[in-house]
Amino acid sequence: MEATEQTILIAYDGSDDAKAAITFAGTLLPGARAVVLTVWERLALASARASAGLMMTIDDSPVEDEAVGQAMRELASQGAELARQAGFDASPRCEPDALSVWSSIVDVANDIGATLIVTGTRGQGGVKSLLLGSTSDRVLHHARRPVLVVPAPE
């Protein structure tokens, strides 16, 4: 019987923690197929704007949506390139407009039949926050598959 190809899902937000997670996972699983996922949580952006005094509706302009989408695609592509440098056969994936980051990570892992989910412990602060400590915790508790949570580099 042939071994089925394994796919690793790597959550990526551009933070040092996410970069460290890619590098570490690459040492454990060289040559594995990886999907590098960047998730955009619209409500997080809206609440960050509100706390900064920038009142905007949640349904922002199509121009802004496209700019956000382009930034997320670039971030996912950057993560996929880092994953390739770490030894993965990697491709980028974006999930815009997510209800929550952790549930999107779990849903995408289910969608692609991921063998393993890889995430850092903490993400960027403020508006750039995509992977919060609570996100990796929730992924760990809700995913019905192995999860590798890589702590921050010293």
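What you see is a predicted model, and the numbers here were worked out from it, not measured in a lab. (Residues numbered from 1 in each chain as written. Predicted model: local features only at pLDDT ≥ 70, side-chain atom pairs only at ≥ 80, totals over all residues. Heavy atoms only, no water.)

**So, the overall build of the protein**
And step 1. A count of helical and extended segments in the protein gives five helices and five strands.
And step 2. Counted over contacts in the protein with a minimum sequence separation of 6, partners at least 24 positions apart contribute 77%.
And step 3. For the protein, the exposed surface amounts to about 8300 Å²; the carbon and sulfur share of it is 55%. (Helix = DSSP H or I, 4+ residues; strand = E, 2+ residues; numbered from the N terminus. Contact = heavy atoms within 4.5 Å. Areas by Shrake-Rupley, 256 points an atom, 1.4 Å probe, with all protein chains shown as cover.)

**Looking at the pairing of strand S1 (residues 7-11)**
Both faces of the sheet carry side chains from a regular strand, because those side chains alternate between them.
And step 1. Among the five residues in S1, five count as buried, and that is most of the element.
And step 2. By the alternation rule, side chains of S1 split into Thr7, Leu9 and Ala11 and Ile8 and Ile10, which are all buried.
And step 3. Here S1 runs beside strand S2 (residues 33-39); their pairing, made up of five bridges, is parallel. The residue bridging Ile10 from the neighbouring strand is Val36, located in S2.
And step 4. Crossover handedness for the path S1 to helix H1 (residues 16-28) to S2: right-handed.
And step 5. The pairing of S1 with strand S4 (residues 116-120) spans three bridges and is classified as parallel. If you follow Ile8 over to S4, its bridge partner there is Leu116. (Buried < 20%, exposed > 50% of the residue type's maximum accessible area, 1.4 Å probe, protein only. Pairing = 2+ DSSP bridges. Right-handed = clockwise from strand over helix to strand, strands pointing away.)

**Some details on the sheet that holds strand S3 (residues 89-95)**
What links the strands of a sheet is backbone hydrogen bonding, and the strands pair in either a parallel or an antiparallel sense.
And step 1. On the basis of which strands lie adjacent, the open sheet formed by five strands has the order S3-S2-S1-S4-S5 and parallel pairing. On the outer flanks of this sheet lie S3 and strand S5 (147-150), each paired with one strand and no other. In this sheet, adjacent strand axes meet at a mean angle of 20 degrees when their direction is disregarded.
And step 2. Two strands pair when backbone bridges link them, and S2 and S3 are joined in this way by seven bridges, in the parallel orientation. Residue pairing in the sheet places Val36 in a bridge with Pro92 of S3. (Axes fitted to C-alpha atoms, helices over the stretch in contact; angles between N-to-C directions.)

**Some remarks on the confidence of the model for the protein**
And step 1. Summary statistics for the protein give a mean pLDDT of 82 and a share of 76% for residues scoring 70 or more.
And step 2. Here helix H2 (residues 42-51) stands out as the element of the protein with the lowest mean pLDDT, 57, in contrast to S1, whose mean of 97 is the highest. (pLDDT = per-residue confidence, 0-100.)

**Let's talk about the pattern of salt bridges**
And step 1. Evaluation of the coordinates by the stated rule reveals three salt bridges.
And step 2. As a salt-bridge pair, Asp111 and Arg93 come within 3.1 Å of each other at their nearest N and O atoms. Taken together, the residues Asp111 in helix H4 (residues 101-112) and Arg93 in strand S3 connect sequence positions 18 residues apart.
And step 3. Given the relative accessible area of 56%, Asp111 is considered exposed.
And step 4. A relative accessible area of 23% means that Arg93 is categorised as partly exposed.
And step 5. What emerges from the salt-bridge pattern is a single network uniting Arg93, Glu95 and Asp111. (Salt bridge = Lys/Arg side-chain N within 4 Å of Asp/Glu carboxyl O.)

**Let's talk about the nonpolar core**
And step 1. Formed by 22 residues in total, the largest nonpolar core has its most connected members in Ile8, Ile10, Val36, Ala83, Phe88, Ala90 and Val118.
And step 2. Among the secondary structure elements, those contributing two or more residues to this core are S1, H1, S2, helix H3 (62-85), S4 and S5.
And step 3. Here this core gets five residues from one element, more than from any other, and that element is H3.
And step 4. Filtering out sequence-adjacent residues up to four positions away, Ala90 remains in contact with Ala34, Val36, Ala80, Ala83 and Arg84.
And step 5. Ranked by size, the runner-up nonpolar core spans 16 residues in total, among them Leu37, Val39, Val108 and Ile117. (Core = buried A, V, L, I, M, F, W, Y, C linked by side-chain atoms within 4.5 Å.)

**Some words on H4**
And step 1. Under the 1.5 Å per step criterion, the end-to-end length of H4 is 17 Å for 12 residues, consistent within 8% with the ideal 16 Å.
And step 2. Of the positions making up H4, those classed as buried are Val101, Ser103, Ser104, Ile105, Val106, Val108 and Ala109.
And step 3. Of the residues one or two after H4, Gly113 is the one with positive phi, at around 65 degrees. (Expected span 1.5 Å × (residues − 1).)

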